[in-house]
Amino acid sequence: GKVRAPTHIISTISDDRGEEPCYAGVPMSTIVEQGYGVGDVISLLWFKRSLPRYCTQFIEICIMLCADHGPCVSGAHNSIVTARAGKDLVSSLVSGLLTIGPRFGGAIDDAARYFKDAYDRNLTPYEFVEGMKKKGIRVPGIGHRIKSRDNRDKRVQLLQKYAHTHFPSVKYMEYASQVETYTLSKANNLVLNVDGAIGSLFLDLLSGSGMFTKQEIDEIVEIGYLNGLFVLARSIGLIGHTFDQKRLKQPLYRHPWEDVLYTK
Ligand code: ACO
Ligand code: LMR
């Protein structure tokens, strides 16, 4: 009989051995001829299944909304400084990407984890937020440097509006909004930010679409797929900032002395 040699790698998302590459079993010709979009490709390669149109459109909206937020945020700043140091595209891009983390853009997974845990345990927003405070953990998905009660983040509103219209259930999003109402009673800038909006809404997408088992949802949240949305999206902007600096032939950046407090 046939003896199967042991392999060093197991892969389940794509296959390039045939006449054309397949993503999760879907041939490239189908992807192109049926007019699949980036949201469909993400569904196939990340979630290993085709998702309904309202889900893939939601994914694409997340990508578009998070593609850039101006030159002053951590990621863009790093990419700009790196490009101005004469480094190449990949170096400038990863220098920006490396700032994505718990404070900036990379709070989506933790927001989903904490909102899910609190909602599933029936915690009131008060119990949840005060419990986090006791543990000394800032609520992921809450708070913003420039956005506030009177200057809401339009991106969050757009995501919420889309979900209200297209999602069968928005229970996690509503919970996140109730948490925001409570945190806003404590301070003006403790709004639900774009990470928190995507984190809570993705829980609604996963649980409301009927496309994922409970176990799969737990696995997605545990592994932490969702920061990938911000990483992917913001790469678009970081690449743009790199090209912009090179096009403008900007010289080496040096931070002004006046803007540093030299002290002992
Ligand atoms: N939960 C609870 N309390 C908070 C939170 C929060 N998420 N954020 C701020 N506070 C309170 C705290 O009392 C904080 O005091 P502390 O330093 O003793 O903890 C106080 O507000 C002042 O906080 P600042 O550090 O001045 O707030 P800043 O404007 O620098 O922070 C930030 C903005 C980093 C986004 C913060 O709100 C935070 O850590 N949020 C959680 C992480 C998060 O969601 N990041 C994603 C932001 S959106 C994006 O990057 C695309
Ligand atoms: C972003 O999308 O980069 C932000 O929300 C962070 C910021 O400070 O604007």
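Conventions we followed
Residues numbered from 1 in each chain as written. Chains lettered and ligands numbered in written order. Predicted model: local features only at pLDDT ≥ 70, side-chain atom pairs only at ≥ 80, totals over all residues. Heavy atoms only, no water. Phe/Tyr/Trp six-rings, centres within 6.5 Å; stacked < 30°, edge-to-face > 60°. Buried < 20%, exposed > 50% of the residue type's maximum accessible area, 1.4 Å probe, protein only. Near = heavy atom within 4 Å. Polar contact = N/O pair within 3.5 Å; in protein donor to acceptor, adjacent residues only side chain to side chain. Areas by Shrake-Rupley, 256 points an atom, 1.4 Å probe, with all protein chains shown as cover. 1 Å grid on protein atoms, 1.4 Å probe; cavity = no way out; pocket = protein on both sides within 12 Å on 5 of 7 lines; lining within 4 Å. Sits in = over half its atoms within 2 Å of the grid points. Nonpolar A, V, L, I, M, F, W, Y, C, P; charged D, E, K, R; others polar. Pairing = 2+ DSSP bridges. Helix = DSSP H or I, 4+ residues; strand = E, 2+ residues; numbered from the N terminus. Contact = heavy atoms within 4.5 Å. pLDDT = per-residue confidence, 0-100.

If you look the chain up in an unreviewed UniProt entry, it shows as ATP citrate synthase from Miscanthus lutarioriparius.

Before going further, it helps to examine the packing of aromatic side chains. Evaluation of the coordinates by the stated rule reveals 14 aromatic pairs. Between the aromatic rings of Y162 and F167, the centroid separation amounts to 6.4 Å while the plane-to-plane angle is 85 degrees, which identifies the pairing as edge-to-face. Overall, Y162 belongs to the buried group, its relative accessible area being 8%. Here the aromatic residues F47, Y54, F58, Y162, F167, F202, F212 and Y225 are joined through ring pairs into a cluster of three or more.

This part takes up the site of ligand 1. Around ligand 1, the surrounding shell holds 19 residues, and the nearest of these are R138, V139, G141, I142 and R145. Taking R103, its main chain carries an N or O atom lying 3.0 Å from a nitrogen atom of ligand 1. Separating an oxygen atom of ligand 1 from a side-chain N or O atom of R145 is a distance of 2.8 Å. The protein chains hide 66% of the 910 Å² of surface that ligand 1 would expose on its own. A molecule is said to occupy a pocket when more than half its atoms come within 2 Å of that pocket's grid points, and by this definition ligand 1 occupies the largest pocket. Residues of the shell around ligand 1, tallied by class, amount to nine nonpolar, six polar and four charged.

Looking now at the sheet that holds strand β2 (residues 22-23). Sheet architecture is open: three strands sit in the order β1-β2-β3, paired in antiparallel fashion. Edge strands, defined here as strands with exactly one partner in the open sheet, are β1 (14-15) and β3 (26-27).

As for its placement among the helices and strands, D153 is situated in the loop between α7 (125-135) and α8 (154-166). Non-local contacts of D153, meaning those with residues more than four positions away in its chain, are made with K147 and V194.

For the chain, per-residue confidence averages 97 on the pLDDT scale, and 100% of positions sit at 70 or higher. Two numbers describe this predicted complex: its pTM, 0.96, and its ipTM, 0.96.

All of the buried residues along helix α5 (residues 89-97) are S91, S92, L93, S95 and G96. Turning to α5, the residues buried within the fold contact α4 (74-84) and α12 (227-247). The backbone nitrogen of V90 lies 3.2 Å from a side-chain oxygen of the residue at the head of α5, namely D88.

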